[in-house]
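So you can see what is in the structure, the chains are spelled out below.
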Amino acid sequence: LYSIPTIVYFKDAQLAYIAANQAFSEFTGTELSEVPGKTDFDFFSEQVAKQISEEDTGVISEGTPVFGREQPISDEFGHVHWYEVSKIPYKDSSGTIIGMVGMLSDITEHKTMVEGIQSRDSILEAAGFTAERFLKSMSWEDAASEALARIGKAMNISRAYIYENHITSAGKLY
């Protein structure tokens, strides 16, 4: 567990940390020896700690695991990182839930790549739509408004423009 990049931690039934791996230490900026006995309120803002504690209480009290939930978390510089969160209750030999194991995998790069592909696909669809509109229309002015709106939406911009250039008899562009 020490060398894997996935953040792994163990909590008791009162939501106090029992142990964690090196990735957790780096994530929270805490030495591993300081983790046992601490709670989320020692590592995170009150708002974030409350959210985590509420979900963890459900995992422990209901015994319902959480698998693959995507969660954005901002670092100390305000950069958003995306994590895939899984939480699993653990039981003693008699079957009583005595705590939980949590895992967070950084999926920021994957999420960025997927969003880039989706954006590219939207732009390509808008370009195809635009080409079809221009080919079917008798004049480009008739097709331009709808085509520009579609391109603007695909690129997540408020306005898109078409400029018509002219060349003088001397070959200058204006």
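**Q** Can you tell me about the pairing of strand β3 (residues 66-74), naming the residues and giving the values?
**A** Inspection of the sheet shows β3 paired to strand β4 (residues 80-91) by 7 bridges, in the antiparallel sense. Residue pairing across strands places V66 opposite K87, the latter belonging to β4.

**Q** Explain the side chain of T130 to me, using residue names and the numbers behind them.
**A** If you trace the backbone, T130 turns up in helix α4 (residues 108-136). On the basis of relative accessible area, T130 is assigned to the buried category, the value being 8%. Not counting chain neighbours up to four residues away, the residues in contact with T130 comprise A147 and I151.

**Q** Help me get a handle on the nonpolar core, residues and values and all.
**A** One finds I7, Y9, Y17, F24 and L104 to be the most contacted residues of the largest nonpolar core, which totals 19 residues. Elements represented by at least two residues in this core include exactly β1 (7-12), α1 (22-28), α3 (46-62), β3, β4 and β5 (97-106). Tallying contributions element by element places α3 first for this core, with 4 residues. Residues in contact with Y17, not counting those within four places in the same chain, are Y9, F10, K11, F24, V35, P36, G37, K38, T39, D40, F43 and F44.

**Q** So what's going on with the sheet that holds β1? Residues and values would help.
**A** Through backbone hydrogen bonds, the strands of a sheet pair up, either in parallel or in antiparallel fashion. Here we have 5 strands laid out as an open sheet, ordered β2-β1-β5-β4-β3, and antiparallel in their pairing. On the outer flanks of this sheet lie β2 (17-20) and β3, each paired with one strand and no other. Across the sheet, the mean angle separating the axes of adjacent strands is 25° when strand polarity is ignored. On the sheet, α4 packs against β3, β4 and β5 and is oriented at approximately 125° with respect to β4.

**Q** Any chance you could break down a nonpolar patch on the surface for me, citing the residues and the numbers?
**A** On the surface, I123, M155 and I157 cluster together into a nonpolar patch covering about 240 Å² of accessible area. Residue placement: I123 occurs in helix α4. Judged by its relative accessible area of 33%, I123 is partly exposed.

**Q** Can you break down the packing of aromatic side chains residue by residue, with the values?
**A** Scanning all chains against the criterion turns up 8 aromatic pairs. Measuring from centroid to centroid gives 5.9 Å for Y9 and F24, while their planes differ by 50°, and the two rings are tilted. In this pair, Y9 sits in strand β1 while F24 sits in helix α1, placing the two residues 15 residues apart along the sequence. The class of Y9 is buried, set by a relative accessible area of 4%. On the numbers, 5.3 Å between centres and 90° between planes, the contact of F24 with F43 is edge-to-face. Here the residue F24 occupies a position in helix α1, and F43 occupies one in helix α2 (residues 40-43), the gap between them amounting to 19 residues. For F43, a relative accessible area of 16% gives the class buried. Through pairs of rings, three or more aromatic residues link up here, namely Y9, Y17, F24, F27, F43, F44 and Y83. In this structure, K111 packs its charged tip against the face of W82, placed 4.4 Å from the ring centre. It is R150 that lies over the ring of F129; its NZ or CZ is 3.8 Å from the centre.

Rules used in this analysis
- Residues numbered from 1 in each chain as written.
- Predicted model: local features only at pLDDT ≥ 70, side-chain atom pairs only at ≥ 80, totals over all residues.
- Heavy atoms only, no water.
- Pairing = 2+ DSSP bridges.
- Helix = DSSP H or I, 4+ residues; strand = E, 2+ residues; numbered from the N terminus.
- Buried < 20%, exposed > 50% of the residue type's maximum accessible area, 1.4 Å probe, protein only.
- Contact = heavy atoms within 4.5 Å.
- Core = buried A, V, L, I, M, F, W, Y, C linked by side-chain atoms within 4.5 Å.
- Axes fitted to C-alpha atoms, helices over the stretch in contact; angles between N-to-C directions.
- Patch = residues over 30% accessible without salt bridge, like charges linked within 9 Å, V, L, I, M, F, W, Y side chains within 5 Å.
- Areas by Shrake-Rupley, 256 points an atom, 1.4 Å probe, with all protein chains shown as cover.
- Salt bridge = Lys/Arg side-chain N within 4 Å of Asp/Glu carboxyl O.
- Phe/Tyr/Trp six-rings, centres within 6.5 Å; stacked < 30°, edge-to-face > 60°.
- Lys NZ or Arg CZ within 6 Å of the ring centre and 35° of its normal.

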